[in-house]
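Spelled out from the first residue to the last, the chains are:
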Amino acid sequence: MDNTFMEKIVTRRKDAKDHLMVAGLIAAYLILILIALIYLGGIAILVIFAGGWGMWWLISGTNKEYEYTVTDNFLDIDCIIAQRKRQRVFAGNAKEFEICARVNSDLFREYSKGNRKLLDFAPTDDQSKNYFLISKNNAKKAKTKGETVMLIFEPDDRMIPSLKKFNPSKIKIDGNF
């Protein structure tokens, strides 16, 4: 049997929460500069540089990428934060998927009525490209380890047909492939 390996990295768009966090950090840094200049005298420069580095570190932490990896019948998704930290957030076996289909399908509306944790690893809200799947999360360090979750992601054009070979009745492909 052929071994299959595919990967795709997508960059998540920043949302309103990320922009509010950046604005709050900048405001806090400006207040820190003001207080340091008024009350700290000689060590103000050190405090300003340390505060600037801390602000840069926190702001760059809002940069997230998701790496989708398909290895034979396994789908793994890693979250890469600021290109310095990687964490496996989902690991699943295509043979165990309850369903996998496009987000803009009737199946999504039908299955989203369930009481499952939603994991959104799509870079945008463009429903024409996004897929959803329902499966048990087997990632060892994930917050949802062992739970059945609904996952939204934007796979490569080759990934869904490759996974379909392992669970043809549960993985739905429409005419766009």
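Heads up: the structure comes first, above all this text.
Rules used in this analysis
Residues numbered from 1 in each chain as written. Predicted model: local features only at pLDDT ≥ 70, side-chain atom pairs only at ≥ 80, totals over all residues. Heavy atoms only, no water. Pairing = 2+ DSSP bridges. Helix = DSSP H or I, 4+ residues; strand = E, 2+ residues; numbered from the N terminus. Axes fitted to C-alpha atoms, helices over the stretch in contact; angles between N-to-C directions. Polar contact = N/O pair within 3.5 Å; in protein donor to acceptor, adjacent residues only side chain to side chain. Contact = heavy atoms within 4.5 Å. Parallel < 35°, antiparallel > 145°, perpendicular 65-115°, else oblique. Nonpolar A, V, L, I, M, F, W, Y, C, P; charged D, E, K, R; others polar.

Visitor: How should the sheet that holds strand β4 (residues 85–93) be read in this particular structure?
Guide: Note: strands within a sheet are paired through backbone hydrogen bonds, in either parallel or antiparallel orientation. Reading across the sheet, the four strands line up as β1-β2-β3-β4 and stay open at both edges, with antiparallel pairing between neighbours. Among the strands making up the open sheet, the edge pair consists of β1 (5–11) and β4. Within this sheet the neighbouring strands show an average axis-to-axis angle of 15°, counted without direction. Taken together, the eight bridges between strand β2 (residues 64–71) and strand β3 (residues 74–81) define a ladder with antiparallel strand orientation. By the bridge assignment, E65 is partnered in β3 with I80.

Visitor: Help me out: how do you make sense of the side chain of E67 in this one?
Guide: If you trace the backbone, E67 turns up in strand β2. Separated by 2.4 Å, the side chains of E67 and R86 make a polar contact. With residues up to four places along the chain from it excluded, the contact list for E67 reads E7, K8, I9, D76, I77, D78, I80 and R86.

Visitor: Please clarify how the sheet that holds strand β5 (residues 99–102) should be interpreted in this entry.
Guide: Spatially, the four strands line up as an open sheet ordered β5-β7-β8-β6, and their pairing is mixed. Every interior strand has two partners, whereas the edge strands, β5 and β6 (117–120), have only one. Looking at each pair of strands side by side, their axes are set apart by 20° on average, direction ignored. Strand direction decides the pairing type here: β5 and strand β7 (residues 131–136), joined by four bridges, are antiparallel. Within β7, the position partnered with A101 by the bridge is F132.

Visitor: Please clarify how the environment of K140 should be interpreted in this entry.
Guide: By secondary structure assignment, the location of K140 is in the loop between β7 and β8 (148–153). Between the C-alpha atom of K140 and that of R88, which follows or precedes it by 52 residues, the distance is 7.9 Å.

Visitor: Can you walk me through the packing of helix α1 (residues 16–40) against helix α2 (residues 44–60) in this structure?
Guide: To describe two helices that pack against each other, one gives the angle between their axes and the distance between the axes. As a packed pair, α1 and α2 sit with axes 9 Å apart at the nearest point and diverge in direction by 175°. By the angle between their axes, α1 is roughly antiparallel relative to α2. Contacts between α1 and α2 pair M21, V22, L25, I26, Y29, L32, I33, A36, L37 and L40 from the former with A44, V47, I48, G51, G52, M55, L58 and I59 from the latter. By residue class, the composition of the contact of α1 with α2 is 16 nonpolar, two polar and no charged.

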